[in-house]
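Each chain is listed here by its residues.
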Amino acid sequence: MKYEFASLFMTLDFRTPELSDRSAVALAVAASGYTGSDAGFANIYLLRKKYGTQVALQDGFLFRYYNGGGSRRGYAFPLGAGDPFKALELIVDEAHESGRPLEFCLVDEPRSQILREYFANAGASEEPVLHFEYNRGDSDYIYSAESLADLPGNTYRKKRNHISKFSRTYAHYELRKIACENIAEALEVEKAWLNSGMAGGLSNSNRENVFDSVNECEQPAWAEYSEDEKSRLMEFCAIQEALQNFEELGMKGDLLYVDEKPVGMTLASEITPGVWDIHFEKVIGEYAVNGGYAIINRLFAESLVAVGAKLINREEDINIEGLRKAKLSYYPLTILDKTHVTCHSGGTKCR
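**Remarks on the overall build of the protein**
At step 1: Tallying secondary structure elements over the protein gives 13 helices and 14 strands in all.
At step 2: Burial statistics for the protein: of 351 residues in total, 51% are counted as buried.
At step 3: Carbon together with sulfur atoms contributes 50% to the accessible area of the protein, which is approximately 16300 Å² in total.

**As for the side chain of Ser 269**
At step 1: Looking at where Ser 269 falls in the secondary structure, it is placed in strand S10 (residues 261–272).
At step 2: Judged by relative accessible area, which is 2%, Ser 269 ranks as buried.
At step 3: Of note is the side chain of Ser 269, whose polar atom sits 2.7 Å from the side chain of His 279.
At step 4: Ignoring any residue separated from it by four or fewer positions in sequence, one finds Ser 269 in contact with Ala 42, Leu 249, Gly 250, Met 251, Val 275, Trp 276, Asp 277 and His 279.

**Things to note about the layout of surface pockets**
At step 1: By volume, the second largest pocket amounts to about 240 Å³.
At step 2: As for the second largest pocket, its lining consists of 15 residues, of which Arg 22, Ala 26, Glu 270, Ile 271 and Thr 272 are closest to the centre.
At step 3: Within the residue set of the lining of the second largest pocket, elements represented by two or more residues are helix H1 (22–32), helix H2 (41–46) and S10.
At step 4: Tallying contributions element by element places H1 first for the lining of the second largest pocket, with 5 residues.
At step 5: Of the residues in the lining of the second largest pocket, the class split is 11 nonpolar, 2 polar and 2 charged.

**As for the packing of helix H4 (residues 84–98) against helix H5 (residues 109–120)**
At step 1: Following both chains from N to C, one finds H4 and H5 inclined at 70°, their axes separated by 11 Å at the closest point. Classified by the angle their axes make, H4 and H5 are roughly perpendicular. Of the residues in H5, those in contact with Pro 84, Phe 85, Leu 88, Glu 89 and Val 92 of H4 are Ile 114, Leu 115, Glu 117, Tyr 118 and Phe 119.
At step 2: Looking at the contact of H4 with H5 residue by residue, the classes come out as 8 nonpolar, no polar and 2 charged.

**So, the confidence of the model for the protein**
At step 1: The predicted model of the protein averages 89 in pLDDT, with 86% of residues at 70 or higher.
At step 2: This model gives residues 1–9 a pLDDT under 50, and the stretch forms 17 contacts once residues within four places in sequence are excluded.
At step 3: Contacts from residues 198–208, a stretch scored under 50 in pLDDT, to residues over four places away or in other chains number 21 contacts.

**Here's the deal with helix H10 (residues 227–244)**
At step 1: Helix length check: H10, at 18 residues, gives a terminal C-alpha distance of 25 Å against a target of 26 Å (1.5 Å per residue), a fit within 8%.
At step 2: Along H10, the residues that are buried comprise Glu 229, Leu 233, Phe 236, Cys 237, Ala 238, Ile 239, Gln 240, Glu 241, Ala 242 and Leu 243.

**Considerations on the nonpolar core**
Nonpolar side chains tend to gather and get buried jointly when the protein is soluble and globular.
At step 1: Core analysis: the largest hydrophobic core is formed by 69 residues, its most contacted members being Leu 46, Leu 243, Leu 267 and Tyr 287.
At step 2: In terms of residues, this core owes the most to one element, H10, which gives 7 residues.
At step 3: Excluding its chain neighbours within four sequence positions, the residues that come into contact with Leu 267 are Ile 178, Ile 239, Ala 242, Leu 243, Phe 246, Met 251, Lys 252, Gly 253, Asp 277, Ile 278, His 279 and Phe 280.
At step 4: Core analysis: the next-biggest nonpolar cluster, separate from the first, contains 23 residues, Ala 56, Tyr 75, Leu 102 and Cys 343 among them.

Cut-offs applied
Residues numbered from 1 in each chain as written. Predicted model: local features only at pLDDT ≥ 70, side-chain atom pairs only at ≥ 80, totals over all residues. Heavy atoms only, no water. Helix = DSSP H or I, 4+ residues; strand = E, 2+ residues; numbered from the N terminus. Buried < 20%, exposed > 50% of the residue type's maximum accessible area, 1.4 Å probe, protein only. Areas by Shrake-Rupley, 256 points an atom, 1.4 Å probe, with all protein chains shown as cover. Polar contact = N/O pair within 3.5 Å; in protein donor to acceptor, adjacent residues only side chain to side chain. Contact = heavy atoms within 4.5 Å. 1 Å grid on protein atoms, 1.4 Å probe; cavity = no way out; pocket = protein on both sides within 12 Å on 5 of 7 lines; lining within 4 Å. Points joined across faces, edges and corners; volume = space filled by probe spheres on them. Nonpolar A, V, L, I, M, F, W, Y, C, P; charged D, E, K, R; others polar. Axes fitted to C-alpha atoms, helices over the stretch in contact; angles between N-to-C directions. Parallel < 35°, antiparallel > 145°, perpendicular 65-115°, else oblique. pLDDT = per-residue confidence, 0-100. Expected span 1.5 Å × (residues − 1). Core = buried A, V, L, I, M, F, W, Y, C linked by side-chain atoms within 4.5 Å.

What follows is the structure, given as structure tokens:
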């Protein structure tokens, strides 16, 4: 049955996402069939400050607006089970009333095609022109969960070798689920990663004691840090918040221990049934060099398969060459490309 809008002429009521939105967001995303990491509720919530994210949950759809820069600016494509043309009409009306530019961010190809069809049939007196800007760094890497857990055949021989090296180097290691009793240890792993040379960006003068003198997540205290340092601190704050709201966000996570010492951590949540998003994955010091990422990747994939995972989204590479190489080395099943779309019509608003 075709979904009917209950409030077609209502202005979208954008607001900051709240933890209580999780169920409604999950329903809308599942109905849409979209598997992009940007639509997972945990990402929407945890990155709300970084990107100035606002949401509206109306007429069976999830609407999002991003107040960030670059490709994190504009409306996301509305996700839900209803008629996308009617949802897009609400966005066009909202843009007209609010004075915001009519632009769409993080749009995959199927939904880009819907945008083309909508504006081609919008009845404008002057044909709108859509401009598509593609950024490879925004593309999600999506894998077969079973392949990441099994690492089968010659394709994954190097990964199995990394795991063998780790097993030979460290006789006593294990992966434990993150729970109340070890949440503090998960955060300590992130602090150690950030404060070490593995983090890369922090200056020597700030690196050693970056957490000792300030409230880490009070942004006014970050004035002396570079933009790269601020970005890393924002990630720390997102991890801290994910751990503080572990159950409310529907998170799963594991800690890697060597000789009872926590040396790695990973956190994930479900985007839509059977599709899991790896938000964070950190291994510190020598353990990273000796195959720690390969071991935590595989063992955590095994645990996700055990709870019904079919696909694992390991998010984007943000145009970092080393990160891109690492993600490609696991042979993604799909690379989900996304574009930034702006709409122009003779210098006036698209209608």
